[in-house]
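Residue-level listing of the chains:
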Amino acid sequence: MLVMETGLSHPLGTQLDKDGCHFCVWAPQSDKVELCLFDEQEQELMRLELPGRRGQYRFGYVRGVQAGQRYGYRVYGIPQEGMLFDPQKLLIDPYAKALSRPTYWDDELYQGDSAAMIAKSVVVDDSFDWQGVGKPRISHARTILYETHVKGFTKQHPGVPKALQGTYLGVSHPLMIEHMKSLGITSVQLMPVAAFMSEPRLERLGLTNYWGYNPIAFFAPEPRYSTKQDEAVTEFKTMVRELHRAGLEVILDVVYNHTAASGFDGPTLSFKGFDNAGYFAFEAGPHGPDYTRHANVTGCGNSVNLDHPNTLRLVLDALRYWVTEMQVDGFRFDLAVTLAREAGEFDPMGAFFKAIMADPLLSQVKLIAEPWDIGPFGYRLGQFPSQWQEINDRYRDTVRAFWRGDAGKMGDFATRLVGSRDIFPKNWRSPHTSVNYLCYHDGFTLEDLVSYNQRHNQANGEDNRDGHGNNLSHNHGVEGPTLDPRVNSLRQQQKRNLIATLLLSQGTPHFLAGDEMGRSQLGNNNAYCQDNQISWVNWQWRPEDERLFAFTQQMMALRAESGVFSNLQLSDDSWNGASSSCHQVNWYHPDGHQLTDQDWHAPMGQAFAMDIGMINCIGERWYVLFNASDYDIQFRLPPPGEGLEWIQTIDTATNDGLPFLPDDIKRQVAVGRAHSLKLLERVALASTAVDAQPPLPALIPVSSADQPATAITDADKA
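Residues numbered from 1 in each chain as written. Predicted model: local features only at pLDDT ≥ 70, side-chain atom pairs only at ≥ 80, totals over all residues. Heavy atoms only, no water.

### Considering the overall build of the protein
Working step 1: Of the regular secondary structure elements, the protein holds 19 helices and 28 strands.
Working step 2: The C-alpha atoms of the protein give a radius of gyration of 28 Å, which matches the 27 Å a tight globule of 718 residues would have.
Working step 3: With the principal axes as the frame, the protein shows a C-alpha extent of 90 × 50 × 50 Å.
Working step 4: For the protein, buried positions account for 60% of its 718 residues.
Working step 5: In the protein, once contacts between residues fewer than 6 apart in sequence are set aside, the share between residues at least 24 apart is 72%. (Helix = DSSP H or I, 4+ residues; strand = E, 2+ residues; numbered from the N terminus. Rg over C-alpha atoms; globule rule 2.2 N^0.38 Å. Buried < 20%, exposed > 50% of the residue type's maximum accessible area, 1.4 Å probe, protein only. Contact = heavy atoms within 4.5 Å.)

### Focus: the domain arrangement of the protein
Working step 1: Segmentation of the protein into domains returns domain 1 (3-123), domain 2 (392-561) and domain 3 (580-684).
Working step 2: Summarising the inter-unit geometry, the C-alpha centres of domain 2 and domain 3 are found 23 Å apart.
Working step 3: Each side of the interface is counted separately: domain 2 has 27 residues, and domain 3 has 34 residues.
Working step 4: Here domain 2 packs against domain 3, burying approximately 2400 Å² in sum over the two surfaces, 69% of which is carbon and sulfur.
Working step 5: The interface formed by domain 2 and domain 3 holds zero salt bridges in total.
Working step 6: A per-element tally of the side of domain 2 that touches domain 3 places helix H14 (residues 485-503) first, with seven residues.
Working step 7: Broken down by class, the residue content of the side of domain 2 that touches domain 3 amounts to 15 nonpolar, nine polar and three charged. (Domains from an automatic or database assignment. Buried area = accessible area lost by both parts, 1.4 Å probe. Salt bridge = Lys/Arg side-chain N within 4 Å of Asp/Glu carboxyl O. Nonpolar A, V, L, I, M, F, W, Y, C, P; charged D, E, K, R; others polar.)

### Details of the sheet that holds strand S20 (residues 434-437)
Working step 1: Strand order in the closed barrel made by the eight strands is S10-S11-S12-S15-S18-S19-S20-S21, with parallel pairing throughout. Neighbour-to-neighbour, the strand axes of the sheet open up by a mean angle of 25°, direction not taken into account.
Working step 2: Relative to strand S11 (residues 187-190), strand S10 (residues 145-148) is paired through four bridges, and the arrangement is parallel. Bridging from a neighbouring strand, Thr148 pairs with Leu190 of S11.
Working step 3: Here H14 sits on the sheet and contacts S20 and strand S21 (508-512); the angle it forms with S21, its principal contact strand, is near 145°. (Pairing = 2+ DSSP bridges. Axes fitted to C-alpha atoms, helices over the stretch in contact; angles between N-to-C directions.)

### Some remarks on the sheet that holds strand S22 (residues 584-588)
Working step 1: Spatial ordering of the open sheet is given by S22-S23-S24-S28-S26, a layout of five strands whose pairing is antiparallel. The open sheet has two edge strands with one neighbour each: S22 and strand S26 (644-651). Neighbouring strand axes in the sheet, compared pairwise and without regard to direction, differ in orientation by 20° on average.
Working step 2: Relative to strand S23 (residues 607-613), S22 runs antiparallel, the two sharing five bridges. By the bridge assignment for S23, Asn586 is matched with Asp611.
Working step 3: Contacts between helix H11 (residues 393-404) and the sheet are confined to S23, strand S24 (621-627) and strand S28 (676-684), with S24 contributing the most and set at about 60° to the helix.

### Quick notes on the pattern of salt bridges
Working step 1: A full pass over the atoms with the stated rule returns 44 salt bridges.
Working step 2: Arg241 is paired through a salt bridge with Glu242; the nearest N and O atoms lie 2.8 Å apart.
Working step 3: Residue Arg542 pairs with Asp545 through a salt bridge whose shortest N-O separation is 2.8 Å.
Working step 4: By relative accessible area, Arg542 is classed as partly exposed at 32%.
Working step 5: The network of salt bridges with shared partners includes Lys32, Glu34, Glu44, Arg47, Arg74 and Asp113.

### So, unusual backbone geometry
Working step 1: The residue after His10, namely Pro11, is reached through a cis peptide bond having omega 0°.
Working step 2: Within the fold, Pro11 resides in the loop between strand S1 (3-5) and strand S2 (13-16).
Working step 3: Non-glycine residue Gln327 carries a positive phi angle of around 65°.
Working step 4: By the element assignment, Gln327 lies in the loop between helix H8 (309-324) and strand S15 (330-333).
Working step 5: Here the phi dihedral of Asp463 falls at roughly 55°; this positive angle occurs in a residue that is not glycine.
Working step 6: Along the polypeptide, Asp463 turns up in the loop between helix H13 (446-449) and H14.
Working step 7: Classification of Asp463 as exposed rests on a relative accessible area of 62%.

### Quick look at the UniProt feature "domain: Glycosyl hydrolase family 13 catalytic" (unreviewed entry) in the protein
Working step 1: Within the UniProt annotation, "domain: Glycosyl hydrolase family 13 catalytic" (unreviewed entry) is assigned to residues 147-559.
Working step 2: Span residues 147-559 is 33% helix and 11% strand, its end C-alpha atoms 18 Å apart. (UniProt positions renumbered as here; feature names shortened; annotations may be inferred.)

### With respect to the pairing of strand S3 (residues 20-26)
Working step 1: Counting buried residues in S3 gives seven out of seven residues, a clear majority hidden from the surface.
Working step 2: Across four bridges, the pairing between S2 and S3 is antiparallel. Its bridge partner being in S3, Leu16 is matched across the sheet by Cys21.
Working step 3: From the end of S2 to the start of S3, which pair antiparallel, there are three residues.

### Regarding the pairing of S26
Across a regular strand the side chains alternate sides, sitting on one face of the sheet and then on the other.
Working step 1: Burial of S26 is extensive: seven of the eight residues sit out of reach of the surface.
Working step 2: Pairing of S26 with S28, which is carried by seven bridges, proceeds in the antiparallel orientation. Across the sheet, Ile647 pairs through a bridge with Glu681, a residue of S28.

### A closer look at the packing of H11 against H14
Working step 1: At a closest axis distance of 11 Å, the pairing of H11 and H14 adopts a crossing angle of 140°. By the angle class used here, H11 and H14 are oblique. Considering the relative orientation of H11 and H14, their crossing is right-handed. Across the interface between the two elements, Tyr395, Val399, Arg400 and Trp403 of H11 pack against Gln494, Asn497, Leu498, Thr501 and Leu502 of H14.
Working step 2: Its residues assigned to classes, the contact of H11 with H14 shows five nonpolar, three polar and one charged. (Parallel < 35°, antiparallel > 145°, perpendicular 65-115°, else oblique. Left-handed = near helix turned anticlockwise from the far one by under 90°.)

### A word on the packing of aromatic side chains
Working step 1: A full pass over the atoms with the stated rule returns 49 aromatic pairs.
Working step 2: A centroid spacing of 4.8 Å and a plane angle of 70° characterise the contact between Phe282 and Tyr291, whose relative ring orientation is edge-to-face.
Working step 3: Residue class for Phe282 comes out buried when judged on its relative accessible area of 15%.
Working step 4: Aromatic pair Trp403 and Phe413: ring centres 6.3 Å apart, planes at 90°, arrangement edge-to-face. Of the two residues, Trp403 sits in helix H11 while Phe413 sits in helix H12 (residues 410-417), which places them 10 residues apart along the sequence. (Phe/Tyr/Trp six-rings, centres within 6.5 Å; stacked < 30°, edge-to-face > 60°.)

Structure, rendered in structure tokens:
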């Protein structure tokens, strides 16, 4: 027998005890809130009015309710400005920790009473056996992010059992863990896993919001990614536990900038029916907010208003829940500028940032901002608080342009290599602040970046108008797949150039899943609505894909073993305190002279060298030759020091980029092939090598005076 009692006014959401469950919601200006209980077949059992009230909170305690109970709310109130009370619309609890099933838009089922369309909130028992597995706590210096989609990652993997393909348990399958560990990544960044609903427009086109950036519940894991719809919470936790057991972090891509409710004419699913005026931001009217016009700085029909204390609390509570109960290690915030808008303006010292900084739990996790939205003055790269990392699109664009062969990019390219300190100043921001990436989920994959000049988004149903038009890509002579061996060879070489650059750059590398093995989306650079083979990772490897994977493994291993490339410490950067190394960075023209301002700004400059590491002392030192031109260039090398020599570690111009080269070839290091990156390491001179390899006096300066060794400290370069 289910009996309603007054209960507790805190916490929001549900709280189980041995006899029943507390229910509490925020419903300002409402006259009545009904709790609707459903059985496992979603047949309504009863409606119970929440009897308790304290200010704008409505609450009650139902004796006899157990874990697994389905429920929803109906909110009654007098029509008034800003509020959209409609008791015919069953509402998802904003604090629901689970949903009974996925939510799919249906015009007919939504009309009138919407209960048949709306997924039911589910009472959850938080208990779970973590088996003593804790969080990996990967340092920023070691972090390599790996972005993937829960479904798309394993949907086509032949080694993952059919029942697990496309699920949370698929991501943590031993084969997938082995792939990620052998690759060398440290942190799995999952595209949105919070419950979402596709836009009605997409449903009418027969498409779906595959990416999941259209949330309906901030706490509940999406049930379509579980093997059993009522086990999403347990299976998500199991995934996290097994990834942690393997030493891999879990970073969630969270969407708190908008909801699936769209604008004024959009559906009432949850937030809008409880407190439309509080949860969302609105355009200004002549006498205050115009509640018929939702602010839309997100491009998704509405903008969540964290300038309201209840909305801010909701987001902070959701973040704490994912960190504590679900044990995730950090967050990537979609359109993060929206979260920090107060009175419509971005405030880098606003309440959202202050609350996270002051929170002893949230302040210690990884915080990654997408530092823009589409609202006024929405591009805010470099303007987030110091403990945040920021996705750096300047890095993406510069690196793509340089390797495409665009002239005049040399100075900007060098700046990106050493942490974009023009954007993230030394002493003020961590050397790892810049999240460097070549490709993200929105845009070309790496394979498509070197295979297409134009987007090919016809499958999206918008006449190829959607998606970014300026991709800085190059097809190398043929649009799309080709059998031309010359074109294919150059494409593979350019992919090696890009991957090597990413993993030799200061900052935090972000790698898109599948780029290590030639994943293509057939030229679609906005595959948000393609829940099919366009978006799913293809595990059928070509020979060149196997070689690219091996090359990527080597580059990630090199970065992991290098203190120079993973954690450069310059004497004029006190972020980590006094430098414990004698790291320096010098820049050279191929003819051996140190680059001048004139060289940096040369309109046709496409080749240079970077000398990085312990230049004037014993220790790790590297010399990197960059040649984005169409011709081979002979470089003059600096003297490595007495008893030392330069050997070739990486040459992207070779067929597979791997270092298994005969000793004599390893020492022929001074030529940078066209469109190539060559990495030289300073090592102790081997006595056998002296006899086998004659000196190259024409290439090596006579004295150190010919090669100045002072570190460049210009913030634009190092």
